[in-house]
Amino acid sequence: FQATPPPPYDDVPADMVAEESGPGAQNSPYQLRRKTLLPKRTACPTKSSMEGASTSATENFGHRAKRARVSGKSQDLSGISHGDTKEKLPDEVVLKIFSYLLEQDLCRAACVCKRFSELANDPILWKRLYMEVFEYTRPMMHPEPGKFYQINPEEYEHPNPWKESFQQLYKGAHVKPGFAEHFYSNPARYKGRENMLYYDTIEDALGGVQEAHFDGLIFVHSGIYTDEWIYIESPITMIGAAPGKVADKVIIENTRDSTFVFMEGSEDAYVGYMTIRFNPDDKSAQHHNAHHCLEITVNCSPIIDHCIIRSTCTVGSAVCVSGQGACPTIKHCNISDCENVGLYITDHAQGIYEDNEISNNALAGIWVKNHGNPIIRRNHIHHGRDVGVFTFDHGMGYFESCNIHRNRIAGFEVKAYANPTVVRCEIHHGQTGGIYVHEKGRGQFIENKIYANNFAGVWITSNSDPTIRGNSIFNGNQGGVYIFGDGRGLIEGNDIYGNALAGIQIRTNSCPIVRHNKIHDGQHGGIYVHEKGQGVIEENEVYSNTLAGVWVTTGSTPVLRRNRIHSGKQVGVYFYDNGHGVLEDNDIYNHMYSGVQIRTGSNPKIRRNKIWGGQNGGILVYNSGLGCIEDNEIFDNAMAGVWIKTDSNPTLRRNKIHDGRDGGICIFNGGRGLLEENDIFRNAQAGVLISTNSHPVLRKNRIFDGFAAGIEITNHATATLEGNQIFNNRFGGLFLASGVNVTMKDNKIMNNQDAIEKAVSRGQCLYKISSYTSYPMHDFYRCHTCNTTDRNAICVNCIKKCHQGHDVEFIRHDRFFCDCGAGTLSNPCTLAGEPTHDTDTLYDSAPPIESNTLQHN
């Protein structure tokens, strides 16, 4: 408080309101230049009136640089005349005098001269006045209706933000319990502040809205205000006023009814910088109706800003926005630690909800229901004791750039025809899943980051049909996307990686569209379709997964089309336990196991694929596998292009199987199958090898340009050969081991190189043409003199030359390489040249590695 100020300059004679000028001023200190009388000023210094108090001499005082205060210790004040006192007084003395003035008098003093203008705008003077009236320890700027924010004075471009904020906030009512009586009892002390209004209660201040001199701006000062009936039906502005963290110091609480109720007519109201609590004495649901901290009803659009919102009520949400035309803006608020839902938007309500902190609520952080359609941006929704966001019963909404994490259930749940749009959010570390869409839920989830959730990143079930597009779904403690229980959905353009289980799992009659995704580097498989799962899976890139790129099992029938499935650590595509479906136009390559495996009753249609670079072959059909394998190109596999074994019976038709680093097709261990109209060429081993009790049918195939035999049949196998063309193979066309009987009709075996017969006729060791990488079929022997074992074999020319006179035994006509020529016997071969160091002869191609994927299910 200050001493009683001098009379305002309006009462000073006109001839005294002037500046010294001219040479005559030196002769007489009272000789003044005449000046036009200043217009009468208003008593309340709004921005315009306070600035208008300055004349042309002080137009730019608000933008001066801070000036250093001048020390007056050595100044001699003797002989100073009254006329130049204002010029001779030290700055410190003038500032001390000014410190006793109120804001209007400071503005009038600034009109006297340029020096006074500078001193009267000292920030320290205005900070003291400002904090006395408003209590803020940082200036609260109010540049336009509905906008308030605090600034750091040293970072603000204006040299005196305290005065600027004073001008913006000047005309308002103050709720300051106990101060009103003091204020109105001391008119002399507060002269010039007649238009400042003080009240003891918020209800009284709201009643003053009708007064003509009141702008509708209410400052609620530090304190706890309990059980006031705050029903807002007009465009008032109510803001907390306190030092430090304002919202912590201004607390409005109700124990019986909703703390704030906004009704029709409050469309431009503003409430900010306070704590709003609903704290009923009886918190159970039995003794009161649903009440709220904030209740926003039809046809109103208030702004709620920088508020702390708390409710201990177990019945109603902390904030309830309901009804057509309910469209608030709620921003920078903290809605936390409530015993029900944090924010509830329903019954066609809308609104903008930005930059809020919503956490640790007993139920959902946000509910959107019954055609509610809010815009929710940049909110931090976390550590909820239930779901983070729950949209249901036709709820909608646009959610953008929210951080949703560590909620007890899903981060985002969609149910019962709800259809939200969720864009560029982070949904992570959910204690169950990330996104859960069920019971005919919909929604668009676009460009989100979904990661590190305990269960699946996205769940889709029970006839739901969302769009999941352009998201990153990664590092989940289970799977990436999980579609089950008749789920649908469009899963498109996502990056799915590093998940502990399958990147995408489809089961129980679900039928999504999965396309243009990258599914890679999973700790399990890429796509897992089981329990009658379906779906269209097309144009995805599936690579570098620990288990199979795609699994299809237990009655599932997906369509996989135009995918790139590559670089897996096991199988590319794995059909087992009655897995079916269509695999067409895919590139399947560079897997550590085979490109495709089919087993245990599975019967897929595999057509027009390119299958290459498999370390364990192209296609493996085993354990009663079936399949229709048509029009594929199978090449450059490390083992056989196609393996058929253990009672399997596929159909291979019109495939091109070529340039394999082993055989073209290997059929053994009771394998069957129909091989029809295939081109089998340029393979390192036999074009077709049939072994161990197998019985396929080969019809109208062309087997040519092989680096070993065309067809070899051994180990009690049989076959039906009809209309095949076998030509230009290095070892020869058709080779039948001892005891093999085949059915043949209309085959053409022509123009083969017959390297085996030529080597025998020239007296060469057969190892010379086979090395240890091939197994030519011819007569082979054992030498008892050299103590050869059951695993050794010697060609006919070595018997004649190297083992001449030894006790030898003819074994059979079959596949082998010559151990004598290989240098593995005690006596060196005289026909083969330099020996090699090799293992015993193997009578079959190396068996394929069967997938152990089942061990990891």
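Residues numbered from 1 in each chain as written. Predicted model: local features only at pLDDT ≥ 70, side-chain atom pairs only at ≥ 80, totals over all residues. Heavy atoms only, no water.

Caption draft 1: Structural view of the overall build of the chain. Each helix and strand in the chain was counted, giving 15 helices and 75 strands. A burial count over the chain gives 56% of its 857 residues as buried. In the chain, the proportion of contacts linking residues at least 24 apart, taken out of those at least 6 apart, comes to 53%. Just so you have it, the chain exposes about 34,300 Å², and 49% of that area is on carbon and sulfur atoms. (Helix = DSSP H or I, 4+ residues; strand = E, 2+ residues; numbered from the N terminus. Buried < 20%, exposed > 50% of the residue type's maximum accessible area, 1.4 Å probe, protein only. Contact = heavy atoms within 4.5 Å. Areas by Shrake-Rupley, 256 points an atom, 1.4 Å probe, with all protein chains shown as cover.)

Caption draft 2: Quick look at the pattern of salt bridges. Inspection of the entire model under this criterion finds 37 salt bridges. The salt bridge partner of E354 is R378, with a shortest N-O separation of 3.7 Å. Here the residue E354 occupies a position in strand β20 (residues 352-354), and R378 occupies one in the loop between β23 (375-377) and β24 (380-382), the gap between them amounting to 24 residues. In this structure, D814 engages R812 in a salt bridge whose closest nitrogen and oxygen atoms are separated by 2.8 Å. With relative accessibility at 26%, the residue R812 sits in the partly exposed group. (Salt bridge = Lys/Arg side-chain N within 4 Å of Asp/Glu carboxyl O.)

Caption draft 3: Spotlight on the environment of R424. Following the sequence through the fold, R424 ends up in the loop between β29 (421-423) and β30 (426-428). Judged by relative accessible area, which is 40%, R424 ranks as partly exposed. On a C-alpha basis, the gap between R424 and I450 in space is 10.0 Å, while along the polypeptide they are 26 residues apart. In this structure R424 touches Y398, E400, S401, C402, I446, E447 and N448, once residues within four positions along its chain are discounted.

Caption draft 4: Quick look at the pairing of strand β37 (residues 481-484). Judged by which residues are buried, β37 turns out to be covered on both faces: V481 and I483 on one side and Y482 and F484 on the other are all buried. When β37 meets strand β40 (residues 504-507), the two strands line up parallel, connected through 3 bridges. Pairing of V481 across the sheet is with I504, part of β40. (Pairing = 2+ DSSP bridges.)

Caption draft 5: Quick peek at the packing of helix α7 (residues 123-134) against helix α8 (residues 161-169). Closest axis-to-axis distance for the α7/α8 pair is 8 Å, and the angle between their directions is 35°. Here α7 runs over α8; the crossing is left-handed. Seen from α7, the contacting residues are P123, W126, K127, L129, Y130, M131, V133 and F134; seen from α8, they are W162, K163, S165, F166 and L169. Partitioned by chemical class, the residues of the contact of α7 with α8 number 10 nonpolar, 1 polar and 2 charged. (Axes fitted to C-alpha atoms, helices over the stretch in contact; angles between N-to-C directions. Left-handed = near helix turned anticlockwise from the far one by under 90°. Nonpolar A, V, L, I, M, F, W, Y, C, P; charged D, E, K, R; others polar.)

Caption draft 6: Looking closely at the pairing of strand β58 (residues 642-645). Alternating positions in β58 separate into two faces, V642 and I644 on one and W643 and K645 on the other, with burial throughout. Bridge count between strand β55 (residues 619-622) and β58: 3 bridges; the pairing is parallel. Directly across from L620, in β58, lies its bridge partner W643. Taken together, the 4 bridges between β58 and strand β61 (residues 665-668) define a ladder with parallel strand orientation. Following the sheet pairing, V642 is matched in β61 by I665.

Caption draft 7: Spatial organisation of helix α4 (residues 91-98). For α4, the complete set of buried residues consists of D91, V94, L95 and F98. For α4, the angular spread of buried residues about the axis comes to 100°, placing them on one side. Residues of α4 that are buried in the fold lie against α5 (103-109), α6 (114-120) and α7. (Arc of directions from axis to C-beta.)

Caption draft 8: Spatial organisation of α7. In a regular helix each residue adds 1.5 Å, so 12 residues correspond to 16 Å; α7 covers 16 Å between its end C-alpha atoms and thus fits that length. Among all positions in α7, only P123, L125, W126, L129, Y130, V133 and F134 are buried. The buried residues of α7 occupy an angular sector of 155° when projected down its axis, which confines them to one face. Between the side-chain oxygen at the start of α7 and the backbone nitrogen of I124 there is a gap of 2.9 Å, and the oxygen is on D122. With its phi angle positive at about 75°, E135 sits one or two positions after the end of α7. (Expected span 1.5 Å × (residues − 1). Polar contact = N/O pair within 3.5 Å; in protein donor to acceptor, adjacent residues only side chain to side chain.)

Caption draft 9: The sheet that holds strand β75 (residues 808-815), seen in detail. Pairing within the open sheet is antiparallel, and its 3 strands lie in the order β74-β73-β75. Every other strand in the sheet has two partners, leaving β74 (794-795) and β75 as the edge strands with one partner each. One ladder, built from 7 bridges, connects strand β73 (residues 777-783) with β75; its direction is antiparallel. In the sheet register, D779 faces β75, and the bridge partner there is H813.

Caption draft 10: Broad picture of the side chain of E676. Along the chain, E676 falls in strand β62 (residues 674-676). Of the residues examined, E676 reaches a relative accessible area of 14% and is grouped as buried. Of note is the side chain of E676, whose polar atom sits 3.5 Å from the side chain of R699. When sequence neighbours within four positions are dropped, the list of residues in contact with E676 reads L652, R653, R654, R699 and N701.

Caption draft 11: Structural context of the confidence of the model for the chain. This prediction gives the chain a mean pLDDT of 87; 85% of its residues lie at or above 70. In the model, residues 1-80 has pLDDT below 50 throughout and makes 118 contacts with residues more than four positions away in sequence or in other chains. This stretch, residues 853-857, has a pLDDT under 50; its non-local contacts, to residues over four places away or in other chains, come to 14 contacts. (pLDDT = per-residue confidence, 0-100.)

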